[in-house]
Amino acid sequence: MRPHLGFVRVLQSRSRQIAALLALGLAFACKGSSSPSVVIGSVSVTPSTATRIPGETVQLTAAAMSPAGDVIAGQTFDWSTSNASVASVDENGLVTALTVGAAMITAEVGGKQGTASITVGVPVSTITLTPEADTLGVGKTLQLNVQLADANGGPVTGRTVNYSTSAVNVVSVTPAGLITALAIGTTTITGTIDGKTDAVNIEVVDACSTLLSTRIVLGDTHQGTLEATDCTLNDGTVVDGYRLETTSAVDVQIDLVSTAFDAFIILLEETATDLVEVGFDDDGGGGTNARMLITLDAGKIYHILANNFDPGVMGPYTLSLLDASLVAGARDIAPTRATKGRAKRPFAELWPIR
């Protein structure tokens, strides 16, 4: 007996409906979800933060973890953005920066979410690094300063500069722009952002080079610190150098004061071929402070060395260079040579190199 044709059509229609529902269910199961047998504990997104300018992209990667913290492979994530006008995201986690602002990008699977914070910044028009050039002793550090500006000259903040060095064996540079001198030589440090660059030139010299002497003039007071990376003399003590150029003869009072170490002053004259010892003092300033009262000749270059008397005992100090004629109660001008200081002589034997 042949089945009624209307009954057959009903069966065929219901079969097609069931097949469509099954396909739709499978589609929903594949999007942003996991197998019913897999329990998702958490979702992580990397990188968790990123900064781009309009038109740039960043590829995000999501990972699903079990409650125990193990990675669960083979998961399909549903990606979304909290601010589609600022940053868009496709089904693979590729984010495109659109306009200046901030957006949170979310990856979801199995009812769990992970997020990444995206900042779309103002494009940088100019970058300026300072100082433009410097000289460092081996082992010393220098923090670069960076100024970023937009097309209107306004400051740009919150952006990261990429630094590189032309000689990695001479200096290293951190992502924050901290330079460390490694070996004698020269290098160029370049900062790059949004296709804009600026550079500084760095020369690294021996820690005892006179090129490292800080310029000082009459009336100056300098705050300094003796540390292990300073020039080390052959007696194990260290020195900071200060360069003084005289235009006329002058009576000076040099004071080196420290509560951290027994202060010792050494005064040198730079000639065309050598450094000549002029005078020194250990405790002439009272207690363990040093003081020199001396007449300096016109047209000369002098180096004042701030020194510690005892090896290994270092720390902060204050160095002052005063016009002795203006100092109340100054003694008669004469080179000061404290008794204890004679243990360091002759100074020429302590200075390893010029």
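Shown above is the structure to which this text applies.
Residues numbered from 1 in each chain as written. Predicted model: local features only at pLDDT ≥ 70, side-chain atom pairs only at ≥ 80, totals over all residues. Heavy atoms only, no water.

Asks: In this structure, what is going on with the overall build of the protein? I would like to understand it.
Replies: Check the secondary structure of the protein and you find one helix and 29 strands. Considering the protein as a whole, with its 354 residues, one finds that 38% of them fall into the buried category. Sequence separation of 24 or more characterises 65% of the internal contacts of the protein that already satisfy a separation of 6 or more. (Helix = DSSP H or I, 4+ residues; strand = E, 2+ residues; numbered from the N terminus. Buried < 20%, exposed > 50% of the residue type's maximum accessible area, 1.4 Å probe, protein only. Contact = heavy atoms within 4.5 Å.)

Asks: Quick question: what am I supposed to make of the state of the cysteines here?
Replies: Two cysteines joined by a covalent bond between their sulfur atoms form a disulfide. Counting across every chain of the model gives one disulfide. One disulfide bridge connects Cys208 with Cys231, the sulfur atoms lying 1.9 Å from each other. Its S-S torsion of about 90 degrees marks the bond between Cys208 and Cys231 as right-handed, since a negative value means left-handed. You can see Cys208 sitting in the loop between strand S19 (196–205) and strand S20 (214–215) and its partner Cys231 sitting in strand S22 (residues 231–232), a full 23 residues away along the chain. The burial state of Cys208 is the same as that of Cys231; both residues are buried. (Disulfide = S-S within 2.5 Å.)

Asks: What should I look at first to understand the sheet that holds strand S6 (residues 78–81) in this one?
Replies: Backbone hydrogen bonds are what pair the strands of a sheet, in a parallel or an antiparallel way. Pairing within the open sheet is mixed, and its four strands lie in the order S2-S10-S9-S6. Each of the sheet's edge strands pairs with one partner strand only, and the pair in question is strand S2 (49–52) and S6. Adjacent strand axes in the sheet meet at a mean angle of 25 degrees, parallel and antiparallel pairs treated alike. As paired strands, strand S9 (residues 101–109) and strand S10 (residues 112–120) are joined by nine bridges and run antiparallel to one another. Paired with Met104 across the strands is Ser117, a residue of S10. (Pairing = 2+ DSSP bridges. Axes fitted to C-alpha atoms, helices over the stretch in contact; angles between N-to-C directions.)

Asks: How should the pairing of S10 be read in this particular structure?
Replies: Every other side chain in a regular strand lies on the same face of the sheet, so the side chains alternate between the two faces. Two strands pair when backbone bridges link them, and S2 and S10 are joined in this way by four bridges, in the parallel orientation. The partner of Thr51 across the bridge, within S10, is Thr119. Linkage of S9 to S10, two consecutive antiparallel strands, is achieved through a turn of two residues, within which Gly110 is found at a positive phi near 55 degrees.

Asks: How should I be thinking about the sheet that holds strand S18 (residues 185–193) in this particular structure?
Replies: Strand order in the open sheet made by the four strands is S12-S19-S18-S15, with mixed pairing throughout. For this open sheet the edge positions go to strand S12 (133–137) and strand S15 (162–165), each flanked by a neighbour on one side alone. For this sheet the average axis-to-axis angle between neighbouring strands, irrespective of direction, equals 25 degrees. Summarising the sheet, S15 and S18 pair through four bridges and their orientation is antiparallel. When the sheet's bridge partners are listed, Asn162 is paired in S18 with Thr192.

Asks: Can you walk me through the pattern of salt bridges in this structure?
Replies: Close approach of charged atoms lets side chains of opposite charge pair. Overall, the coordinates contain eight salt bridges when judged by the stated rule. Residues Glu269 and Lys300 are paired through a salt bridge, measuring 3.4 Å at the closest nitrogen-oxygen approach. Within this pair, whereas Glu269 is found in strand S25 (residues 263–270), its partner Lys300 is found in the loop between strand S27 (290–296) and strand S28 (301–308), the two being separated by 31 residues in sequence. Classification of Glu269 by relative accessible area gives buried; the value is 19%. With a relative accessible area of 25%, Lys300 lands in the partly exposed category. (Salt bridge = Lys/Arg side-chain N within 4 Å of Asp/Glu carboxyl O.)

Asks: Please explain the pairing of strand S4 (residues 61–65) as it appears in this structure.
Replies: Relative to S4, strand S1 (residues 42–46) runs antiparallel, the two sharing five bridges. Across the sheet, residue Val45 finds its bridge partner in S4, namely Ala62. Sheet topology places S4 next to strand S5 (residues 71–72); two bridges connect them, and they run antiparallel. Note that in S5 the partner of Ala64 across the bridge is Ile72.

Asks: When you look at the packing of aromatic side chains in this model, what are you seeing that I'm missing?
Replies: For any pair of aromatic rings, the description consists of the separation of the ring centres together with the inter-plane angle of the planes. Inspection of the entire model under this criterion finds three aromatic pairs. Residues Phe261 and Tyr317 carry aromatic rings whose centres are separated by 6.4 Å and whose planes lie at 75 degrees to one another, so their mutual orientation is edge-to-face. In this pair, Phe261 sits in the loop between strand S24 (250–257) and S25 while Tyr317 sits in strand S29 (residues 315–323), placing the two residues 56 residues apart along the sequence. Here Phe261 matches Tyr317 in class, with each residue buried. In this structure an aromatic cluster arises from ring pairing among Phe264, Phe280 and Phe309. (Phe/Tyr/Trp six-rings, centres within 6.5 Å; stacked < 30°, edge-to-face > 60°.)

Asks: How should I be thinking about unusual backbone geometry in this particular structure?
Replies: Most peptide bonds adopt trans geometry, and most residues besides glycine take a negative phi value. Residues Thr46 and Pro47 are joined by a peptide bond in cis, for which omega reads -10 degrees. Along the chain, Thr130 connects to Pro131 via a cis peptide bond; the corresponding omega equals 0 degrees. On the secondary structure map, Pro131 appears in the loop between strand S11 (126–130) and S12. Notably, Asp194 is not glycine yet its phi reads approximately 50 degrees, a positive angle. Along the chain, Asp194 falls in the loop between S18 and S19. On the basis of relative accessibility, which here comes to 23%, the residue Asp194 falls in the partly exposed class.

Asks: Help me understand the environment of Leu268 in this model?
Replies: Mapping Leu268 onto the fold places it in strand S25. In this structure, the C-alpha to C-alpha distance between Leu268 and His303, residues 35 residues apart in sequence, is 5.0 Å.

Asks: Please explain the environment of Val100 as it appears in this structure.
Replies: Inspection of the secondary structure assignment puts Val100 in the loop between strand S8 (94–97) and S9. For the pair Val100 and Pro123, spaced 23 residues apart in sequence, the C-alpha separation works out to 9.1 Å.

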